[in-house]
Amino acid sequence: MINLYTECFPEQTRDFLAKGFMGKFFSAVSLAFLIVGCAFLPSCGGGSATKTTPPVVPAGVALTPGPTISLEVGQAISFSATPAADTFSFQSSNPTVLTMANNGQACAGTWNSLSVPQTCTPGPAGTAQVTATTLGVTSSPVTVYVHAPITSIAISKVPGQAQTLRPDCISKGPVHGPESWLFQAAAFNGTTDITSSVGPFSWQQINPGPANIVGLVTPPNGTQGCLLSPQGQCLNRQAAIATTPGVGQIFATASGFRGQPISIETCRVQSISIAAAGNPSSTTSFVVNSGTSTTLNATVTDIAGQAVTNVPLTWSALNPVSVSASGASSTVYGSTGTASAVGAGAGTVIASCTPPTCNAGIKPSLPIYPQAAFSFDVQSTSTTPANPTVYATTTACTTANPSSATCTPTVVSIARASSTSPFVAGTPTILPASPATLTFDNGGGNAYLGVDSGKFGQQGLMIFSGSSVTEATNAPGKVLAISPDRAALVISDTVDSPNQVFICTNCNSGSRTVTTFLINGANAAAFSPDSLKAYIVATPPLPALQISTLYIYSKLDPLQTSSFPLNALVGDVAFHPEGGFAYLAGPSPSITPYRTCDNSQVPGATLTAANPPLLIRALPNGATLLALAPPNIDLISVTSLTSILCTGTVTDTINSFNLGQGSFIPTQFTVSLDGSTAYILGETQAGPPPSRLPFVIVFNIATQTPSVISLANSATPLSASLAPDGKLLFVGADDGAVHVIDTTSGSDTQQVTFPFPTNELCFGPGSPLTQAPLSQVTISSASQSGSSTTYSYKLISGSGLKVGESITVANMGNGADNGTFTISALGTDTAGNPTFTVTNSTGGAASNQSGTGVVPIPCNPDLVAVRP
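Reading guide: rules and limits
All residue numbers refer to position in the chain's written sequence, counted from 1. Reporting in this predicted model follows two pLDDT cut-offs: at least 70 for local features of residues, and 80 or more for side-chain atom pairs to be given and counted; totals over whole chains, interfaces and linings ignore these cut-offs and use all residues. Calculation of side-chain values draws on the structure's entire complement of heavy atoms; hydrogens and water are dropped beforehand. What counts as a helix is a DSSP run of H or I of at least four residues, what counts as a strand is a run of E of at least two, and both are numbered from the N terminus. As a reference, a globule follows 2.2 Å times the number of residues to the power 0.38, and the radius of gyration itself is taken over C-alpha atoms. Under the scheme applied here, a residue whose accessible area is under 20% of the maximum for its type counts as buried, over 50% as exposed, and between as partly exposed, the area being computed with a 1.4 Å probe on protein chains only. Residue contacts are counted whenever heavy atoms from the two residues lie within 4.5 Å of one another. The Shrake-Rupley method, run with a 1.4 Å probe sphere, supplies the accessible areas, and residue values consider only the shown protein chains as cover. Within this scheme the basic residues Lys and Arg register as positive and the acidic residues Asp and Glu register as negative, but His and the chain ends are omitted. A charge is said to be at NZ when it belongs to Lys, at CZ for Arg, at CG for Asp and at CD for Glu. Two strands make a pair as long as DSSP finds a minimum of two bridges between them. Fitted lines through C-alpha atoms give the axes, limited to the stretch in contact for helices. The angle between two N-to-C directions lies from 0 to 180 degrees. For the purposes of this analysis, a disulfide is any pair of cysteine sulfur atoms at a distance within 2.5 Å.

Observations concerning the overall build of the protein
Consideration 1: Along the backbone of the protein there are four helices and 73 strands.
Consideration 2: For 868 residues, the compact-globule estimate of 2.2 N^0.38 gives 29 Å, and the C-alpha radius of gyration of the protein, at 41 Å, exceeds that figure by more than 25%.
Consideration 3: Considering the protein as a whole, with its 868 residues, one finds that 49% of them fall into the buried category.
Consideration 4: Of the contacts formed within the protein by residues at least 6 apart in sequence, a portion of 56% connects residues at least 24 apart.
Consideration 5: Accessible area of the protein: about 37200 Å², with a carbon and sulfur share of 54%.
Consideration 6: Measuring between centres, the 25 positive side-chain charges of the protein sit 11 Å from its 36 negative side-chain charges.

Right, here's the structure in full:
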């Protein structure tokens, strides 16, 4: 690093001179002229013509890569040194084994040229040390291990190390710290052990989940038993320290060769016990005020019998709008959770070891659930009644006139400005297809509207945000279940052929994924509280040979099935809030609990109902389930349960109570969030059209007594949804209104209607809007008798007219004959033409008419849902 400069020459002349010294031709005359000219310049006087800047000696030289390298004979690697210098010289301590080219390239053998290295000829195995030098400063050596080609690498436990609590896993829990195993790697060329010549091994792990199953640590320098580098590094051993419960794999690599992995387990979780801070562990039910929170401490025990801390448990809340749950790591407990009372209502909270974050890598998956669910009854601290928002839509565009393509459904909100204001219908949102189901997720973020059929890919699931609708045409069918974490839906298409079930993941986003299963006749489904699994019940509609099948969907495992005996039908499924067990309403007449961990029946816990159970619901108290088995309702009490590994047991009993309504077919079964009351809608005869119960059946769970609620105007209930605090029940009815029921008094306090054309639930073609036609007629004449007008007509589309239908008459010559009326009678005139009669005291006789009559589709609110 030398700088040359000439003071006596101007810059241009210096450049010129420099070029001359680099091989340019200068004549002697020119050179003499320049020298003479320079003598007259002031800068040439007295001093030396050239000065030299001394080189900067670096404090040290670093050589990379290093400090140890494994290199197969015949392979090459490039070294580089820092800091930058004009020149480095690279040296090999053993040129027979490793040759260094001038540019820092190393050959495990011999280079064809040190100045222009291109071909590396393999040499013998051995060890060499490489250094780089500049200005008298030399780097620390890098040790290069040159070895024969590696054909296999084996890793094994180092013999003679301290015994762990179990031979098959290492525990994270001992008080003296997590257990560990020490492994060693051996490299082979064929059957020849070449470990000593290979040098350093690199260790890695394969994790089935987001967390490391073990921590990999290199033993300290100089550790006895290790193959040591000249610097004292342990080259061939690695300690694996218990970190996260589950099964992973570790493997070693050397010189770019990857060995076969072996399995290693941090002892799996076998049990979880939760206790609320400051409360006995036996207290699992709490009454709290909104705005408060409760700390829950989860004690986690692994299969080595050790209490382990800082375990990634999953905290789940089944009703997050009333009680939400969050978890955090803990150095004292397995995990610490917070149950936050958000708003009036009730809900349960659990902590589970849910794969793949906990007990990852175990096949089949092994979720572990707590010994009990914690239930919270949240009391509002506000004295102002809640103002829930309700949504209503209709299936009429499909059910009233399936062949009609002139009916467009909408979804309409129902809300009130304050607790003293009436509920009113809002502006309709147009739906792209006729809905068959309406279900909100448990957070109230989105409503999902299923359809009966995909109509050859033309329609599918609709996702409603409250203001807009998107459609997933690759997922047609009815929505059977939404996961508690709101990430997945079970959708069943039992109309199209073949029948299918769709699992729609992230359905409310553009990145949704849909998984399809060929499942025939799926009619019910439920997700486990941690959202890991869904139990799907399917009973194909073959009256003489019905066989029910239970399908188990898992995020991690293949689809599993379990069939039941002929005509021993399963109607429904519900998970116990604790998560470790699911109860099937069937196979008839049984009520059968299953273990979530391995999907097997719980021995000795099956109950027998007096009548076939059709629907089943779990109560938020974590100890009771209700099964509808008309004319009875069955109360199932879970008196004890254990959940250790996959050997959980249940002790349960059943008591039946007659609802007093004889046999019926339940169509809707709703339990209040506080678990105090059940509301039931039903049919005495299946349709189409069905014969519906003219009231809502109510069952007080505490007093175990039934009652009924009748609607104003003698309306028949079609659909119902309960406000989160349980104080209002919204019932869609066949009079076209949603009835607002005060559940305390049982009174029908308001009927919210959907007038056309401002708040309609469906409409027909044209602009301005028209009512969707069920039947259309042309009217040729009218006759008057007292207060009745009789019209002669011809049916031009739709179904025949019926007594009790509403009909709109227009285009009659006598304006008094126009209007909207209720058909009171049907008949024929003297010419044999069909007639309909309405009450119209101002009507008059008319002949040779070209009037029209339209019977609109009765778009009743038969799908109603309160937004959580």
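Re the sheet that holds strand 43 (residues 500–505)
Consideration 1: In spatial order, the strands read 41-42-43-44; together these four strands make up an open sheet with antiparallel pairing. What marks the edges here is a single partner per strand, and that holds for strand 41 (478–482) and strand 44 (513–517). Each strand axis lies, on average, 25° off the axis of its neighbour in the sheet, ignoring direction.
Consideration 2: In terms of strand pairing, strand 41 meets strand 42 (residues 488–493) through four bridges, oriented antiparallel.

Side note on unusual backbone geometry
Consideration 1: For the bond from Ser588 to Pro589, the omega torsion is 0°, close enough to zero to count as cis.
Consideration 2: Relative to the helices and strands, Pro589 is located in the loop between strand 50 (581–585) and strand 51 (590–595).
Consideration 3: In this structure, the amide linkage connecting Ser767 to the following residue, Pro768, adopts the cis form with an omega of 0°.
Consideration 4: As for its position among the elements, Pro768 is in the loop between strand 66 (762–763) and strand 67 (773–785).
Consideration 5: Phi at Ser255 takes a positive value of approximately 50°, unusual for a residue other than glycine.
Consideration 6: For Ser255, the location among the structural elements is in the loop between strand 21 (246–254) and strand 22 (257–258).

Brief notes about the state of the cysteines
Where two cysteines share a covalent bond between their sulfur atoms, that bond is called a disulfide.
Consideration 1: Inspection of every chain in the model, using the stated rule, returns eight disulfides.
Consideration 2: Each sulfur in the disulfide pair Cys397 and Cys407 lies 1.9 Å from the other. Handedness of the Cys397-Cys407 disulfide follows from its S-S torsion of about -55°: it is left-handed. Separated by ten residues along the polypeptide, Cys397 in helix 4 (residues 396–399) and Cys407 in the loop between helix 4 and strand 34 (408–415) bring together distant segments of the chain.
Consideration 3: The partner cysteine of Cys597 in its disulfide is Cys646, sulfur to sulfur 1.9 Å. Handedness here is read from the sign of the S-S torsion; for Cys597 and Cys646, about 105°, the answer is right-handed.

Purely geometric stuff here, so don't read any function into it on its own.
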